[in-house]
Number of protein chains: 2
Amino acid sequence: MPSYTAPTKDAAFILHELLKVQDAQIPGFEELSADFTSAVLEEASKIATNLLQPLNAVGDHDGCTFENGVVRTPKGFKEAFEEYRAGGWNGLDLDPEYGGQGMPYTLATAVGESFSGANMAFVMYGGLTHGAYSAIHAHGTDDQKSKWLPKMADLEWTGTMNLTEPHCGTDLGLMRTKAEPQGDGSYKISGQKIFISAGDHDLSDNVIHLVLAKIPGGPEGIKGVSLFIVPKFMVDDEGNIGERNGVSVGNIEEKMGIHGNATCVMNYDDATGYLLGEENKGMRAMFTMMNEARLGVALQGLSQSEAAYQNAVIYAKDRLQGRDVTGVKNPNGPADPLIVHPDIRRMLMNMKSFNEGARAFMMWGAMMLDKAHHNDDKDALGLISLLTPVLKGFLTDVGFDMTVQAQQVYGGHGYIEEWGMSQFARDARIAMIYEGANGVQALDLVGRKMAQDGGKHVMAYFDMIKTFISENKDNEELADFLNPLKDASKDLQEVMMYFMQNGMKDPNSALAGSTDALHLFGHVSLGLMWAQMAKAALAGMASGEGDQDFYKNKITTGKYYMDRVLPAVKMHKARAMAGAETMMALDADHF
Amino acid sequence: MPSYTAPTKDAAFILHELLKVQDAQIPGFEELSADFTSAVLEEASKIATNLLQPLNAVGDHDGCTFENGVVRTPKGFKEAFEEYRAGGWNGLDLDPEYGGQGMPYTLATAVGESFSGANMAFVMYGGLTHGAYSAIHAHGTDDQKSKWLPKMADLEWTGTMNLTEPHCGTDLGLMRTKAEPQGDGSYKISGQKIFISAGDHDLSDNVIHLVLAKIPGGPEGIKGVSLFIVPKFMVDDEGNIGERNGVSVGNIEEKMGIHGNATCVMNYDDATGYLLGEENKGMRAMFTMMNEARLGVALQGLSQSEAAYQNAVIYAKDRLQGRDVTGVKNPNGPADPLIVHPDIRRMLMNMKSFNEGARAFMMWGAMMLDKAHHNDDKDALGLISLLTPVLKGFLTDVGFDMTVQAQQVYGGHGYIEEWGMSQFARDARIAMIYEGANGVQALDLVGRKMAQDGGKHVMAYFDMIKTFISENKDNEELADFLNPLKDASKDLQEVMMYFMQNGMKDPNSALAGSTDALHLFGHVSLGLMWAQMAKAALAGMASGEGDQDFYKNKITTGKYYMDRVLPAVKMHKARAMAGAETMMALDADHF
């Protein structure tokens, strides 16, 4: 059975030595003393290890059930959810005015990784609620906020997002769900939505669905889509739960993974809904939720990779098999542990160097969002907007690949469900698909974000790298980081130039390289994080204080990334610059 | 529900226009006229599509059961197995003297891909039997061959291979299963074996286990391992089945995939066994089986990739979502089919160009084995011996990745079990692990095969590429193939040089790059196959005969591989030449 330990030490290093949150001059960050964050992280770690992780395999094995219209979560989920609720964890970074605790999103991100690493399917019930809260918070009226948010903040009620229909996922303009105005400010919603995570369950008293639908007579396609609040149970003005609304579960899906989360077919049949935001501006409101959800999904990719890595390490140290070719390491045992073998190390170091780099990237991104929100910093918003598809696509693509490598460390045992390594891969697999499949992230990056505000944010991204390199160019201890970072960012810049020069004539020549571009951004970003972490670790070593081994290992792990992982840019660059010709040449009939 | 069509046209192209089997001057190959092979391939295709494929999802969903010591296969497997048996398919390439049909292994490989693509878990019952047959055929006495082989050739009895024990998989020297000599030529076998594919079931009258065990008093470790024939039911001299032997099933494993195949814990308790080959030379005998099994597993990687690809193509043409950015393609529909989008194309072309290249590589490899066996060609044996770990490791690593890409084409539906795409990924996943995890294949390649016979076979491999390039250097139409092939093979040669120069001082510096070297060999080999196929296709176009579109598309697909896929060599080269330093630097305690 797998185990899980929250990476609190690494998170603390990122918060205080890399991001230096207390000096970041972001309102609220000044409270983030090392003592305070460590208390929060330690408490979250206990919840992760003692409450959530033991239910992870149970959830996978038992799954959710659907009988007589009722969805039930796996045994133990309800009790655990009560405890999780009671701790107020889900509202950590939500608005204190509406039930939240008002902590920075950066801190919530560190905490969120721990929870998701312990039990991804379980945490999604709260995650979806968090997203729905944010959308209502950003676009709702004061009445709506007062009515729905406080009970969502503490998970008395949970939330969902309803976008997909059987015939449309990415292309929401094709949507058929209708919203008929009733003249009293409410609407009657009818239609079918599928793939609704946490769509229904037995964990909360009410489920608040955010539903995209079209008001008849509105504009065609995506421009005629509005967003509605549709509760499972009606709620009166005093906040009391009343009769059942016209929404029911058609079925729950049998999936490859995240069995502990109920993925529902939702049927809306004249269900009462309330407009959220403006008519026909539903996509704008939905994107508040979606951008947050995409970062949450990125975190899932990292969290499953980390959980899988931890178990691979345990197995690699425990399992005796073969001898170190350079000399016996365990002379009193029948064989040496797996970890002596280079190819096992390769997989472990791939995971370790990805996880630590991705964690920094994730938390740096969260800090940009905090800056954007609390300092109204448009540049920070531009950067995180540019990099949201990169975080989502790169961390889930690579995160999944890392769970597969962790499984590989176990050999045959990795394929046996009892050992739990298959679950990490099966659970992580969905993160590449939902909240916009990774191809859609790549399209968002190349087709929209790169050109946003005249390419200003891409320039700012490269400037950030250039500035870091030039500020540290005399630091010889950083040369092993700065040189490859410089080369890799040049490669990425060349690709950007290629897209600009060719994308005008033929947009496909840029789109054909979109996934490669996304991975290039991912690698360069992790390269930058590693260079910055190396600098922070060197500072830690120079100080002579703290855990000196930690700093040394940080640098070693970073060098591995620069040396062994970053060369992927060479492949992606060549692919991205190969254009669309051979990709698009075949007639569809010839596949 | 997925469908499957055997790629008979492509197999025929490889047999007759690429490998030119009838002119290959290998005994038996002269019979392989296009009419004959097409009749065999078409018949196999019907079995694949009509008999095996419809049971693929059933097998996954229902799985095998274990009750009161009895293993049962999924509903429908037994009837289908009877029909499969009756066709004599499993003995296609086996020795006619012992029940086989004596066809070339090359043809059996083409047929085998179809069967495995239709239902991998089902076909494994025959596949293991085929391997056990080969081991008895190569190492058994005449009496043993007469007694066991004919009934195994026609699957009246099936076979297994028993290597792994709970505490040892790769490192078989740690084995504990014992074989006590009884003085009458027989042995009493006691011990536990795990992960025994097709270990027991209800498909055949007897199961013939080949079991590795140690004879007490023999040499320590791997040098004291012998191989035994241990039937489930005793068999008398007339071939009649008698009482149950001391072998029983402890349990069947719950696995990530291949649910239709029973993976058994086998308990041997004073079971009667018969020595196969010489005492303490068990590994040699087992390797006959293992090398064959490795090629069979390589074929599984390809076959799942092909099956997944076919379904991804169907979905990509059918699903309407979004519009072609270069202009609407389906003006009468609400949206264009997915296949218009570059990123969808990218995944389809990745799969298509891999599948066709891998199929050629696989069948070329099979022909090397036929040459080795029928012409006693030591060079051919050397080449296929060198490339067996490459076929196994590369085709299963990439094959799995392709099933994941096929799943991605489906978006959310790819994650829902009902659509069947998850099964391809879950089934394909095991191929990277069993018959020697891919890291062990990489070790075999770098630590053993490359240096075999003084490096002669590596030299022969490069000579083969060089010769092809120089023979065709004036063919301008081939330039898009020969130039990248030349560059890629140079990159691989540099890596070989690096290993030679550094591996002496520190073996880890070569082992650290072993997986990258394996992938380099894989890409260069597929590059060679594509260059040769392009030449064959150009010849087909010059002839003006046959399916001209087929030839044109072959060249287009090949160009995609050279252009877009082959640049992976740049990454693998940089990684392989990065040495072991950063990989091995961390103390085990610091993971």
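Predicted model only: the values in this text are computed from it and were never measured.

Trainee: So what exactly am I meant to see when it comes to the packing of helix α1 (residues 8-18) of chain A against helix α9 (residues 342-375) of chain A here?
Mentor: Pairs of packed helices are described in terms of their axes, by the angle between the two and the distance that separates them. Residue and element names in this part refer to chain A. Axis separation between α1 and α9 bottoms out at 10 Å; the angle between their running directions is 50°. Put simply, α1 runs oblique to α9. Here α1 runs over α9; the crossing is right-handed. The segment α1 lies against α9, with D10, A11, I14, L15 and L18 engaging E356, R359, A360 and M363. Taken together, the residues of the contact of α1 with α9 sort by class into 6 nonpolar, no polar and 3 charged.

Trainee: How should I be thinking about the relation of the copies chain A and chain B in this particular structure?
Mentor: Superposition of the two copies of the chain requires a rotation about an axis together with a shift along that axis. At an RMSD of 0.0 Å, chain A and chain B line up after a rotation of 180° and a shift of 0.0 Å along the axis. Within this description, the copies of the chain are treated as partners about a two-fold rotation axis. Counting the interface residues of chain A, we find that 100% of their copies in chain B are interface residues as well, pointing to one common contact surface.

Trainee: Looking at this structure, how should I read the domain arrangement of chain A?
Mentor: Residues and elements named next belong to chain A. Domain annotation for chain A reports domain 1 (285-434) and domain 2 (443-584). Taking only C-alpha atoms, the centre of domain 1 and the centre of domain 2 are 19 Å apart. Listed by partner, the interface residues are 26 residues for domain 1 and 25 residues for domain 2. Interface area, domain 1 with domain 2, both sides summed: about 2,300 Å², of which 73% is carbon and sulfur. Sorting the residues of domain 1 by area buried against domain 2 places S353, L386 and F394 first, and these three jointly supply 26% of that buried surface. Connecting domain 1 to domain 2 are 2 salt bridges. With its nearest N and O atoms 3.6 Å apart, the salt bridge here joins K456 to D379. Counting across the domain 1 and domain 2 interface gives 7 residue pairs in polar contact (both at pLDDT 80 or more). Sorting the residues of the side of domain 1 that touches domain 2 by element identifies α9 and α10 (378-409) as the ones contributing at least two each.

Trainee: I'm lost on the pairing of strand β5 (residues 186-197) of chain A in this one. Help?
Mentor: Side chains on a regular strand alternate between the two faces of the sheet. Residues and elements named next belong to chain A. Pairing of strand β4 (residues 178-181) with β5, which is carried by 4 bridges, proceeds in the antiparallel orientation. Each residue of the ladder has a partner; that of P181, found in β5, is Y187. In this antiparallel pair of consecutive strands, β4 and β5, the connection spans 4 residues, and G183 shows a positive phi of 85°. Pairing analysis gives 9 bridges linking β5 to strand β11 (residues 263-276), with the strands arranged antiparallel. Pairing of K188 across the sheet is with T272, part of β11.

Trainee: Is there a simple way to explain the side chain of K573 of chain B in this structure?
Mentor: Residues and elements named next belong to chain B. Along the chain, the position of K573 falls in helix α18 (residues 568-576). Within the structure, K573 has its side chain in polar contact with the side chain of E494 (distance 3.3 Å). Setting aside anything within four residues of it in sequence, one finds K573 in contact with D491, E494, V495 and L520.

Trainee: Looking at this structure, how should I read the environment of V440 of chain A?
Mentor: Residues and elements named next belong to chain A. Position of V440 relative to the elements: it lies in helix α12 (residues 438-449). Here V440 falls in the partly exposed class, since its relative accessible area comes to 22%. In this structure the C-alpha to C-alpha distance between V440 and S514, which are 74 residues apart in sequence, comes to 9.4 Å.

Cut-off values and rules
Residues numbered from 1 in each chain as written. Chains lettered and ligands numbered in written order. Predicted model: local features only at pLDDT ≥ 70, side-chain atom pairs only at ≥ 80, totals over all residues. Heavy atoms only, no water. Axes fitted to C-alpha atoms, helices over the stretch in contact; angles between N-to-C directions. Helix = DSSP H or I, 4+ residues; strand = E, 2+ residues; numbered from the N terminus. Parallel < 35°, antiparallel > 145°, perpendicular 65-115°, else oblique. Left-handed = near helix turned anticlockwise from the far one by under 90°. Contact = heavy atoms within 4.5 Å. Nonpolar A, V, L, I, M, F, W, Y, C, P; charged D, E, K, R; others polar. Least-squares fit on C-alpha atoms with pLDDT ≥ 70 in both. Domains from an automatic or database assignment. Buried area = accessible area lost by both parts, 1.4 Å probe. Salt bridge = Lys/Arg side-chain N within 4 Å of Asp/Glu carboxyl O. Polar contact = N/O pair within 3.5 Å; in protein donor to acceptor, adjacent residues only side chain to side chain. Pairing = 2+ DSSP bridges. Buried < 20%, exposed > 50% of the residue type's maximum accessible area, 1.4 Å probe, protein only.

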